[in-house]
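# Remarks on the overall topology
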Amino acid sequence: MTEQPAVIDVEGLTKSYGKFKALDGVDLTVAKGEVHGFLGPNGAGKSTTIRVLLGLLKADRGTVSLLGGDPWKDVVELHRRLAYVPGDVSLWPGMTGGEAIDLLGNLRGSLDEGRRKDLVERFELDTSKRGRQYSKGNRQKVALVAALASDAELLILDEPTSGLDPLMEQVFQETVREAKERGVSVLLSSHIMSEVETLTDRLSIIRDGVIVQTGTLDDLRTDTQTSIDVVLERVPDTTDLAPLESISINGHHLTATVDPDKVGEAMATLAPYGMSKLSVEPASLESLFLKLYEETRA
């Protein structure tokens, strides 16, 4: 199978502000048609990386390719092929939401009118209100509709659901999946771990201006343990429960962890005690993220 070309290809990206090095040799690749998560705490370098990709900052060193072009030299052409949604959208105060959507769409060439209408309905957006009348969440909706209704090849989304309620968050996830089905590539930066966990094919984690880990969620889970939560009919002796670790027993309720490749062995160990309720869960993205940052601080 032929490997899809990269729509974002960053190698050795370095950017400093005076003596402060915001990015220190960042490598980041987003394949065509994938949703790529971009994670890190505030100040880690996410926003600086995105600004370089958008042609708003010039890199000090390294190579940056965006849709086959140079974001610093080819900024006008590239912005016709991508859509960007920041975490705090500003709109023209006297312009209606509908007018703002159309203007943003025209900057990218055109909008799919059928998709525009569908998105307005699904996001429950009143397009007749003016920019000054919108709440933060509704300003985000305007930008999301404009981006998703366009024929952009690449979506760069930086905390795009900031201010949205859980129902609209669900709509956002549905529309991103639909965009992926159309062949759109997505770079998604978000602090909402469930959002990233649900949507992304691969993800990169940045800390102190350096990408510290990249891969699929399964790749990141390789060195982590699976959690087991079970109610047993008979209380076991903890000395007989290998390969379970971190065992805690409260009455008939047992919690423990186990290496992912030993889950079957753990089930065989617990089966003789009778299991009336069982939950087996791999490490969540949030726990992986926190574990990684604790390790890198040490």
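Throughout what follows, the structure given in this document is the object of discussion. (Residues numbered from 1 in each chain as written. Predicted model: local features only at pLDDT ≥ 70, side-chain atom pairs only at ≥ 80, totals over all residues. Heavy atoms only, no water.)

Pairing in this open sheet of 6 strands is mixed, and the strands run β5-β6-β7-β3-β8-β9 from one edge to the other. One side of each edge strand has no neighbouring strand; the edge strands of this open sheet are β5 (82-85) and β9 (210-215). Put simply, the sheet's adjacent strands are angled 15° from each other on average, direction ignored. Looking at chain direction, strand β3 (residues 35-39) and strand β8 (residues 202-207) are connected through 4 bridges and run parallel. Bridging from a neighbouring strand, H36 pairs with R202 of β8. Along the sheet, helix α1 (residues 46-53) contacts β3, β5, β6 (154-158), β7 (185-189) and β8; its crossing angle with β6, the most-contacted strand, is approximately 150°. Sitting on the sheet, helix α5 (residues 136-149) touches β5 and β6, and the angle it makes with β5 is about 170°. (Pairing = 2+ DSSP bridges. Helix = DSSP H or I, 4+ residues; strand = E, 2+ residues; numbered from the N terminus. Axes fitted to C-alpha atoms, helices over the stretch in contact; angles between N-to-C directions. Contact = heavy atoms within 4.5 Å.)

Bringing a nonpolar patch on the surface into the picture now. Nonpolar side chains collect at one region of the surface, where W92, L103 and L107 lie side by side and expose about 270 Å² of accessible area between them. If you trace the backbone, W92 turns up in the loop between β5 and α3 (97-107). Of the residues examined, W92 reaches a relative accessible area of 38% and is grouped as partly exposed. (Patch = residues over 30% accessible without salt bridge, like charges linked within 9 Å, V, L, I, M, F, W, Y side chains within 5 Å. Areas by Shrake-Rupley, 256 points an atom, 1.4 Å probe, with all protein chains shown as cover. Salt bridge = Lys/Arg side-chain N within 4 Å of Asp/Glu carboxyl O. Buried < 20%, exposed > 50% of the residue type's maximum accessible area, 1.4 Å probe, protein only.)

Moving on: the nonpolar core. In terms of nonpolar packing, the biggest core is built from 35 residues, with I101, F123, L155, L157, F172 and V186 touching the most fellow members. Those elements giving two or more residues to this core turn out to be β5, α3, α4 (113-122), α5, β6, α6 (166-181) and β7. Looking at which element gives the most residues to this core, the answer is α5, with 8 residues. Setting aside anything within four residues of it in sequence, one finds F123 in contact with K141, L144, V145, L148, M168, V171, F172 and T175. Counting residues in each nonpolar core, the second largest holds 25 residues, with I8, L23, L78 and L82 among its members. (Core = buried A, V, L, I, M, F, W, Y, C linked by side-chain atoms within 4.5 Å.)

Turning next to the layout of surface pockets. Roughly 220 Å³ of internal volume is contained in the largest pocket. Around the largest pocket, the lining residues are L54, L56, V76, H79, R80, L82, A83, Y84, L104, L107 and R108. Secondary-structure elements contributing two or more residues to the lining of the largest pocket are α2 (75-79), β5 and α3. The element best represented in the lining of the largest pocket is β5, accounting for 3 residues. (1 Å grid on protein atoms, 1.4 Å probe; cavity = no way out; pocket = protein on both sides within 12 Å on 5 of 7 lines; lining within 4 Å. Points joined across faces, edges and corners; volume = space filled by probe spheres on them.)

A few words now on the pattern of salt bridges. Within the structure shown, the criterion is met by 14 salt bridges. Close ionic contact of D201 with K180 constitutes a salt bridge, the shortest N to O distance being 2.6 Å. Residue D201 is found in the loop between α7 (193-199) and β8, and its partner K180 is found in helix α6; the two are separated by 21 residues along the sequence. Look at the salt bridges and you will find they share partners, linking D118, R122, E174 and E178 into a network.

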